[in-house]
Amino acid sequence: MKTLCDRQELQDAFAVVSGIPPLKSTKPILQNVLMRAADDGVTFFATDNEMSARSALSSVKVSEPGVILLPAKEAAALLRELGDKTVAIQAKDGRCRIECGGGAFDLLSPDASEFPTEPSFTPEVEVEVAAKVFQAMQRMTSFAVAREETRYAINGLLLDFVDGCLRMVGTDGRRLALAYANLPSNAQRARAVVPLRALQTLAKAVPGDNDETLRIGFGKNQMRFTVGSIQLISQLLENRFPEYEQVIPKAAESTIEIDRVELERNLRRVAILASDDVRMVRFKFSGNELEMTAESSNVGKARQTMTVDMKGKGGSIAFNPDFLIDALKVCELDVVRMDMTDGSIPAKFTLGESYCYVLMPISGT
Amino acid sequence: MRATLRRVSVRSILHADMDAFFAAVEQRDDPTLRGKPVIVGGLSRRGVVSTASYEARRFGVHSAMPTARARALCPLGVFLPPRMEAYAAVSATVQAIFGRFTPLVEPLSLDEAFLDVTASRALFGEGRAIAARIQREVRDATALSVSVGVAPCKFVAKVASDLRKPGGLVVVEPGDEAAFLAPLPVARLWGAGPVMQRRLDALGLRTIGDLAATSLESLTAAIGAAAADHFFALARGVDPREVVPDRDPLSIGRETTFQDDLVDDEAIDRVLRNLCESVAQRLRAEAKCARVVRVKLRFPPFLTHGCQTRVPAALDDELGLLRVARTLLAKGRPTGRPLRLLGVTAAELENRSASPRQLGLFDSPSEDPARVRRLTRAMDELRERFGDRVIRRGALGDAPDD
């Protein structure tokens, strides 16, 4: 194998896949990236057996087709440091030689025939969405995904395609974020719980200003995402996502409209005095006033009032302030709408045209 | 010289017990409740009475009674849900008063504690004087009354504090313990549940005095050596248990080393279940719940691995613990790898008491923490009376053969 690549494009294409190889593995060969040079261009492929990604570069001259393995960590670090416009990569005596400017670097390269082959994938349902829209949805929901062990298999995001609407749902059992987009598709219902890591890898691979279309293929145990020349296939999490629709309040006794910037600023201030053991800020709505209070036995207490626009009888409810701040950070609207009934059932926040957030209160207040 | 030595060797233990604590706090905070029968407890259909005021006790209401029954006995009573935060605040004030007299304070719950004032006597006078000061200072600071028992050991002090409630101060001098206990029923003995009471009754032993007068041999023959030694000593007022100041355990753990390395998943899971059960029981006994669960694995010969995780809501039940521990075990143990040791530890413990709790979006009624807690508490009480193997959760499988 012998190639001459555009350095920038090489770096970008390699970065798409280089995060996938596991740092530690019982199969050391997985710590490599497979490079395949053919007449029509070069592709990179990496896998950790749970997900795999493929990227391609077209600004390349292949003088000798072939396949070679590059140690992911070292090659990624090396490529980042290269400065010249072009980079030559070739296989030589069981090594991979990278030449750029006056430098030549020989990396040990295991036998490529041992490397897993690319998984074959046939989608049962495939939908298309603007990559930009998908990424925004992901930003609005992924922070709510459980990072800790919980009793539900909710360490991933649910993609639920129903009646021409793609919903993305993240929850950790205490809060739930739901974003949706209407898609021109007459496909049947499809649903899958995708590991957060796969979506993070995808987000990193696709720049935010990307105008391309993302194709989402739902399979039985796998999911495929395709943008341009990038393809990512991930195993799905056990599909035991909780019945999320049931916990979204349909009606509420009070509806409150609150200035988003002011709310976030005030809440951050009050939250400083919420105790570390039980992060809690009390919200008390009466008339058109919101009073927020927090108390920490060894530090002190805080009280902050602000004007809101309320319909209904108001009441008290307590939240973990961090949960609400997380959502306000990605909120699209200037005025947040909150629907609540009392301090024992979830409150619903409308934070975007097609974005809602359900937050379970803290009891014992 | 002899007298001095004796003075040092005899302990002075106080047992202080707030009178009708929860109900008294309610009556203090709401003057319209004073003089009325006040019952604090779970108000739901299946709730139980936590505390009944003395006015309510005249109607036969007592703690641990189903609230429904209490309503029948005392229909005009004022029934209130507990305000644990308020009680905890008062409790902190009271505990602080105890702490003025000795560092050796062992709180048993929000409303009672043992104090070892043996070494404090040089500063504050005899046990009776300290007890009287505690009663006065508690009344001044909280407007509540506390009963205190003073004795050379924990058991007698506890019996004494209960004898003249409310506001009682009963002192049992060294040497008087057996005489003091003699007329009391055997049910007063620490560890004598209904079953043991029936067995003692069958032997004609009704009072503690009856038991002290019997021979240790005949008692051993009837109830076994361990129980006989225990009750025989208590009946004569001998209880060497120390007052252990409130130790705040950093973690609670259990581990088992296997005689032969275990490979079978089912067998390993069985051990895991027992460990979780045992840790959960300890957690509840200490009124703690855990924010972190840790699993320890040792592979032959000596390769030890630990994995842990934080849980979103603190745990004190075996099923919750088991769920997390299983996940950790699956992560930490490569399939089929033999195991030499398995351990489960609950860490980052917090007090269960009254702390506000994050509710869950998907909690189903059967997983309502209050209900789970009532069930596990009932199971713990059964185990305390009849032994560890009397009851276990179906989901945890059969008891280990041992």
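Refer to the preceding data block for the structure.
These notes cover the structure that comes with them. Note that the structure is a prediction, hence the values are computed from the model and not measured.

Quick notes on the rules
Every chain begins its residue count from 1, and numbering advances along the sequence as written. Here chains are named by letter from A upward and ligands by number from 1 upward, in the order in which they appear as written. Where local features are concerned, this predicted model is filtered to residues with pLDDT of at least 70; where side-chain atom pairs are given and counted, the filter is 80 or more; whole-chain, interface and lining totals use all residues. With hydrogens and water stripped out, all remaining heavy atoms of the structure feed into the side-chain values. Numbered from the N terminus, helices here are DSSP runs of H or I no shorter than four residues, and strands are runs of E no shorter than two. When a residue's accessible area, from a 1.4 Å probe over protein chains only, is under 20% of the maximum for its type it is buried; when over 50% it is exposed; and in between it is partly exposed. We call two residues in contact whenever any of their non-hydrogen atoms come within 4.5 Å of each other. All accessibility values rest on the Shrake-Rupley procedure with a 1.4 Å probe; residue burial counts only the protein chains present in the view. When a carboxyl oxygen of Asp or Glu lies within 4 Å of a side-chain nitrogen of Lys or Arg, that pair is called a salt bridge. Residues were grouped as follows: Ala, Val, Leu, Ile, Met, Phe, Trp, Tyr, Cys and Pro as nonpolar; Asp, Glu, Lys and Arg as charged; and all remaining residues, including Gly, as polar. Two strands form a pair only when DSSP identifies at least two bridges running between them. Note on definitions: the grid is 1 Å and covers protein atoms alone; a cavity is a set of points where a 1.4 Å probe fits but cannot get out; a pocket is an open set with protein on both sides within 12 Å along at least five of seven lines; lining residues have an atom within 4 Å of a point. Grid points are joined across faces, edges and corners, and a volume is the space filled by probe spheres set on the points. To define axes, lines are fitted to C-alpha atoms, for helices over the stretch in contact only, and angles between the resulting N-to-C directions are given on a 0 to 180 degree scale. The labels follow the angle: roughly parallel below 35 degrees, roughly antiparallel above 145, roughly perpendicular from 65 to 115, and oblique for the rest. A crossing counts as left-handed when the near helix is turned anticlockwise from the far one by less than a right angle, and as right-handed when that turn is clockwise.

**Quick look at the overall build of chain B**
Part 1 of the argument: Scanning chain B from N- to C-terminus turns up 16 helices and 13 strands.
Part 2 of the argument: Taken over 402 residues, chain B has a buried fraction of 45%.
Part 3 of the argument: Looking at chain B alone, contacts between residues at least 24 apart form 63% of all its contacts between residues at least 6 apart.
Part 4 of the argument: If you sum the accessible surface of chain B, you get close to 19,900 Å²; carbon and sulfur atoms cover 54% of it.

**Remarks on the interface of chain A and chain B**
The accessible area lost on association of the parts is a frequent measure of interface size.
Part 1 of the argument: Between chain A and chain B, the residue contacts involve 28 residues of the former and 18 residues of the latter.
Part 2 of the argument: For the interface between chain A and chain B, the tally reads 0 salt bridges.
Part 3 of the argument: Broken down by secondary-structure element, the contributors of at least two residues to the side of chain A that touches chain B are β13 (175–182) and β27 (362–363) of chain A.
Part 4 of the argument: Split into classes, the residues belonging to the side of chain A that touches chain B amount to 13 nonpolar, 7 polar and 8 charged.
Part 5 of the argument: Bridge analysis of β27(A) against strand β13 (residues 357–358) of chain B gives 2 bridges, and the strand direction is antiparallel. Across the sheet, residue Ile362(A) finds its bridge partner in β13(B), namely Gln358(B).

**Some words on the pairing of strand β2 (residues 38–41) of chain B**
Residues and elements named next belong to chain B.
Part 1 of the argument: Side chains of β2 alternate between two faces, with Val 38 and Val 40 and Ile 39 and Gly 41 buried alike.
Part 2 of the argument: Relative to strand β4 (residues 78–80), β2 runs parallel, the two sharing 3 bridges. Each residue of the ladder has a partner; that of Val 38, found in β4, is Val 78.
Part 3 of the argument: Taken together, the 3 bridges between β2 and strand β3 (residues 49–52) define a ladder with antiparallel strand orientation. Bridge assignment links Val 40 to a residue of β3, and that residue is Thr 51.

**Some words on unusual backbone geometry**
Part 1 of the argument: Here Lys165(B) and Pro166(B) are connected by a cis peptide whose omega angle stands at -10 degrees.
Part 2 of the argument: In this structure, Pro166(B) sits in the loop between α8 (154–163) and β8 (169–171).
Part 3 of the argument: One non-glycine residue, Asp93(A), adopts positive backbone phi at about 45 degrees.
Part 4 of the argument: The residue Asp93(A) is located in the loop between β7 (86–92) and β8 (95–100) in this model.
Part 5 of the argument: Among the residues examined, Asp93(A) registers a relative accessible area of 73% and is labelled exposed.
Part 6 of the argument: For Glu348(B), which is not a glycine, the phi torsion comes out positive at approximately 45 degrees.
Part 7 of the argument: Within the element layout of this structure, Glu348(B) appears in strand β12 (residues 339–351).

**Overview of empty space enclosed by the protein**
The gaps left among the atoms become clear once a water-sized probe is rolled over them.
Residues and elements named next belong to chain A.
Part 1 of the argument: Evaluation of the coordinates by the stated rule reveals 2 cavities of 30 Å³ or more.
Part 2 of the argument: Size it by volume and the largest cavity reaches roughly 40 Å³.
Part 3 of the argument: What lines the largest cavity is Ala 131, Phe 134, Gln 135, Gln 138, Leu 202, Ala 203, Val 206, Leu 214 and Val 227.
Part 4 of the argument: Elements that contribute at least two residues to the lining of the largest cavity include exactly α3 (131–141) and α4 (196–205).
Part 5 of the argument: Partitioned by chemical class, the residues of the lining of the largest cavity number 7 nonpolar, 2 polar and no charged.
Part 6 of the argument: As for the second largest cavity, its lining consists of Phe 45, Ser 52, Ala 53, Arg 54, Glu 118, Pro 119, Gln 231 and Ile 233.
Part 7 of the argument: Taken together, the elements giving at least two residues each to the lining of the second largest cavity come down to β4 (51–57) and β17 (230–235).

**Some words on helix α13 (residues 225–235) of chain B**
All names here are of chain B.
Part 1 of the argument: Every buried residue of α13 is accounted for by Ala 227, Ala 228, Phe 231, Phe 232, Ala 233, Leu 234 and Ala 235.
Part 2 of the argument: On its buried face, α13 is in contact with α8, α9 (177–181), α10 (194–202), α11 (208–213) and α12 (216–223).
Part 3 of the argument: A positive backbone phi angle near 80 degrees is found at Gly 237, which sits one or two residues after α13.

**Some thoughts on the sheet that holds β7(A)**
Residues and elements named next belong to chain A.
Part 1 of the argument: Spatial strand order, β5-β1-β7-β8-β9: 5 strands in an open sheet with antiparallel pairing. With partners counted over all chains shown, the strands left at the sheet margins are β5 (60–64) and β9 (103–108), one partner each. Ignoring strand direction, the axes of neighbouring strands in this sheet form an average angle of 15 degrees.
Part 2 of the argument: The sheet strands contacting helix α1 (residues 7–18) are β1 (2–6) and β7, and the helix crosses β1 at an angle near 100 degrees.

**A word on the packing of α12(B) against α13(B)**
Residue and element names in this part refer to chain B.
Part 1 of the argument: Axis separation between α12 and α13 bottoms out at 7 Å; the angle between their running directions is 135 degrees. Relative to α13, the element α12 is oriented oblique. Seen from above, α12 lies across α13 with right-handed handedness. Between α12 and α13, the residues in contact are Leu 216, Leu 219, Thr 220 and Ile 223 and Ala 225, Ala 227, Ala 228, Asp 229, Phe 231 and Phe 232, respectively.
Part 2 of the argument: For the contact of α12 with α13, the per-class residue count stands at 8 nonpolar, 1 polar and 1 charged.

**Comments concerning the pattern of salt bridges**
Part 1 of the argument: Counted according to the given criterion, the structure contains 38 salt bridges over all chains.
Part 2 of the argument: Arg224(A) is paired through a salt bridge with Glu126(A); the nearest N and O atoms lie 3.4 Å apart. Of this pair, Arg224(A) sits in strand β16 (residues 222–227) while Glu126(A) sits in strand β10 (residues 125–130), and the two are 98 residues apart along the sequence.
Part 3 of the argument: The exposure class assigned to Arg224(A) is buried, which follows from its relative accessible area of 14%.
Part 4 of the argument: Classification of Glu126(A) as partly exposed rests on a relative accessible area of 32%.
Part 5 of the argument: Measuring nitrogen to oxygen at the nearest pair gives 3.8 Å for the salt bridge that ties Glu266(B) to Arg273(B).

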